[in-house]
Amino acid sequence: MSSLVERIEAVRRESGGVVDVYVMFDSHTDAMAMHEVARSQGLHTRISTAPRAIKASCGVTVLVSASEAVALESLAGELGLPYESFNPLPRQFDARRDTYC
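Keep in mind the model is a prediction, meaning the values are calculated, not measured.

## Looking at the environment of Arg7
Examined against the element boundaries, Arg7 turns out to sit in helix α1 (residues 4-15). C-alpha separation for the pair Arg7 and Phe86, spaced 79 residues apart in sequence, amounts to 9.6 Å. Once you skip the residues sitting within four places of it in the chain, Arg7 turns out to touch Ser2, Phe86 and Pro88.

## Focus on α1
If you check α1, its first and last C-alpha atoms are 16 Å apart, about what twelve residues at 1.5 Å a residue would give, namely 16 Å. What α1 keeps buried is the set Leu4, Ile8 and Val11. With its buried residues spanning 65° around the axis, α1 presents them on a single face. Of the exposed residues in α1, the ones pointing more than 90 degrees away from its buried face are Arg13 and Glu14. Looking at the buried positions of α1, the neighbouring elements they touch are β1 (19-24), α3 (66-79) and β4 (85-90). The positive-phi residue at the C-terminal boundary of α1 is Gly16, with phi of around 70°.

## Some details on the nonpolar core
One finds Ile8, Val23, Met34 and Leu72 to be the most contacted residues of the largest nonpolar core, which totals 20 residues. Of all the secondary structure elements, the ones that give two or more residues to this core are α1, β1, α2 (28-40), β3 (60-65) and α3. With five residues, the top contributor of residues to this core is α3. Setting aside anything within four residues of it in sequence, one finds Ile8 in contact with Val19, Val21, Ala66, Ala69 and Pro88. By size, the runner-up hydrophobic cluster in this structure holds five residues, among which are Tyr22, Met24, Leu63 and Leu89.

The rules behind these values
Residues numbered from 1 in each chain as written. Predicted model: local features only at pLDDT ≥ 70, side-chain atom pairs only at ≥ 80, totals over all residues. Heavy atoms only, no water. Helix = DSSP H or I, 4+ residues; strand = E, 2+ residues; numbered from the N terminus. Contact = heavy atoms within 4.5 Å. Expected span 1.5 Å × (residues − 1). Buried < 20%, exposed > 50% of the residue type's maximum accessible area, 1.4 Å probe, protein only. Arc of directions from axis to C-beta. Core = buried A, V, L, I, M, F, W, Y, C linked by side-chain atoms within 4.5 Å.

Listed below in structure tokens is the structure:
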């Protein structure tokens, strides 16, 4: 299997835009635990629903920028934090959504 960095770069090449990484979990308590640890270590993460492009066991993910995803993956490995997978996707947010003027 390719490394997280290689998968992020592949998505970046395909989409030509910003890449975010969604961390998938078996339970929402695992997601909350990783989010709290990441924030305590200075990583910028958010709790998010799983985008339609990927299937999540519990429907809750930790969203992290591509630039901090490798650090989060390393931190999770060091501390033994449980997760299913790290999934890079093109940015799912549209800042102009629901803007009518």
